Amino acid sequence: MIKVYLLLTKPGIVLGNLLAAVGGFMLAYSLGGTTAFRWAAFWAFMISTALIIASAGIINNYIDRNIDKKMERTKSRAFVLGSVVVSRALSLAVLLAICGFMLLYFHTNKVAFLAGIVGFLGYLIPYGLAKRHGSYGTLVGSIPGAVPPLAGYLSFAGRIDVTAIWLFTAMVLWQMPHFYAIAVRRLDDYKNASIPVLPSVHGVNRTVKSSLFYLALFVVAVAMVFRTQPRGAWVFIGIMTAMGAWWMYVGYKGFRALDKVVWARKFMKASVKVLLVWSLLMLVTPLL
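Residues numbered from 1 in each chain as written. Predicted model: local features only at pLDDT ≥ 70, side-chain atom pairs only at ≥ 80, totals over all residues. Heavy atoms only, no water.

**Student:** Tell me about the overall build of the protein chain, and name the residues and values.
**Tutor:** Each helix and strand in the protein chain was counted, giving 16 helices and 0 strands. Principal axes of the C-alpha set define a box for the protein chain whose edges measure 55 × 50 × 30 Å. The proportion of buried residues among the 288 residues of the protein chain is 52%. In the protein chain, 75% of the contacts between residues at least 6 apart in sequence involve partners at least 24 apart. In the form shown here, the protein chain has an accessible surface area of approximately 13,600 Å², with 69% of it arising from carbon and sulfur atoms. (Helix = DSSP H or I, 4+ residues; strand = E, 2+ residues; numbered from the N terminus. Buried < 20%, exposed > 50% of the residue type's maximum accessible area, 1.4 Å probe, protein only. Contact = heavy atoms within 4.5 Å. Areas by Shrake-Rupley, 256 points an atom, 1.4 Å probe, with all protein chains shown as cover.)

Structure, rendered in structure tokens:
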């Protein structure tokens, strides 16, 4: 039974967001010069982020239960099958959110706390509504999805600066081709659930073009993130430019791919590898 409730939190999404979030924290630390590492803020941020994202995952599962039952990949989720007590699951979500936001407020700073609020509510309300009414829902969802690395940066820096803005922008841009790839891969599911995603509304070729557009902007934005690094800036920019070029090459193949689903799977995996490299580069910046 514990496993069932754990799966409601979407642990894979929690872990993926934590990696990017820690990268944002370490990026801010590397730019802090002689500022000492804030261990209390680090652990408070890590735990609070995990709790808040887990809470949002449970609530999102509940909100989407009627959609999930129409999709092959989600029809076995707990709320669909009725394998959890709804009141207990939602009570757990509320408890996780309260604990997470209290940690964030009392052990980091108000800017990071506000970013967490925006990410949490943005994911559940604007995105929850937008994805049902138009293909623009992907862009709406990318905004709260970009909050974890931003909140990580703000937890250490305590202020919004130019690097924070570029970090947020780069994460928004990364998500667009990533989720377009998922939309193509799961196109039948989205059609069955009447969720209007770009490939179902405008076709796969339009989706490939849009993916490449956002991807090109991502390469520029991530270069701007690393430009302020006191050491290793050009190495980081070179690595991410090469990763971006490779990702674009994989994306371009979508125009001629005979099996769009197979291509979308490869494109999605490429996006994950790019994010992993990007996050690792942010993690190692203080070591240089």
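**Student:** Kindly report on the side chain of Thr9, identifying the contributing residues and their values.
**Tutor:** Secondary-structure assignment places Thr9 in the loop between α1 (2-8) and α2 (11-30). A residue is classified by how much of its surface remains accessible, and Thr9, at 10% relative accessible area, is buried. Not counting residues up to four positions away in its chain, the partners in contact with Thr9 are Val14, Ile53, Ala54, Gly57 and Ile58.

**Student:** Tell me about the confidence of the model for the protein chain, residues and numbers included.
**Tutor:** Mean pLDDT over the protein chain: 93, with 99% of residues reaching 70 or higher. No element of the protein chain has a lower mean pLDDT than α1, at 83, and none a higher one than helix α11 (residues 162-185), at 97. (pLDDT = per-residue confidence, 0-100.)

**Student:** Go over the side chain of Thr108 with me, naming the residues and quoting the values.
**Tutor:** Take Thr108: it is sitting in the loop between α6 (86-107) and α7 (110-124). Within the local environment of Thr108, its side chain forms a polar contact with the backbone oxygen of Leu104, the two atoms lying 2.3 Å apart. Discounting chain neighbours no more than four positions away, the residues touching Thr108 are Ala41, Phe45, Leu103 and Ser155. (Polar contact = N/O pair within 3.5 Å; in protein donor to acceptor, adjacent residues only side chain to side chain.)

**Student:** Can you explain the nonpolar core? Please cite residues and give values.
**Tutor:** Membership of the largest hydrophobic core comes to 93 residues, with the highest contact counts inside it found for Phe218, Phe226 and Trp278. With residues up to four places along the chain from it excluded, the contact list for Phe218 reads Ala170, Leu173, Trp174, Met240, Trp247, Val274 and Trp278. (Core = buried A, V, L, I, M, F, W, Y, C linked by side-chain atoms within 4.5 Å.)

**Student:** Give me unusual backbone geometry: which residues, what numbers.
**Tutor:** The residue Lys10 is not glycine, and still its phi comes out positive at about 55°. Relative to the helices and strands, Lys10 resides in the loop between α1 and α2. By relative accessible area, which is 13% here, Lys10 ends up buried. For Ser194, which is not glycine, the phi torsion reads 60° and is therefore positive. Note that Ser194 resides in the loop between α12 (187-192) and α13 (198-202). Residue Ser194 is classed as exposed on the basis of its relative accessible area, which comes to 56%.

**Student:** Could you give an account of the packing of helix α14 (residues 204-226) against helix α16 (residues 260-284), naming the residues involved and the relevant values?
**Tutor:** The interhelical angle for the contact between α14 and α16, taken along N-to-C directions, is 10°, at an axis separation of 13 Å. Taken together, the axes of α14 and α16 lie roughly parallel to each other. Mapping the contact onto sequence places Val204, Asn205, Val208, Ser211, Leu215, Phe218, Val222 and Phe226 in α14 and Lys260, Trp263, Phe267, Val274, Trp278, Leu281 and Met282 in α16. (Axes fitted to C-alpha atoms, helices over the stretch in contact; angles between N-to-C directions. Parallel < 35°, antiparallel > 145°, perpendicular 65-115°, else oblique.)

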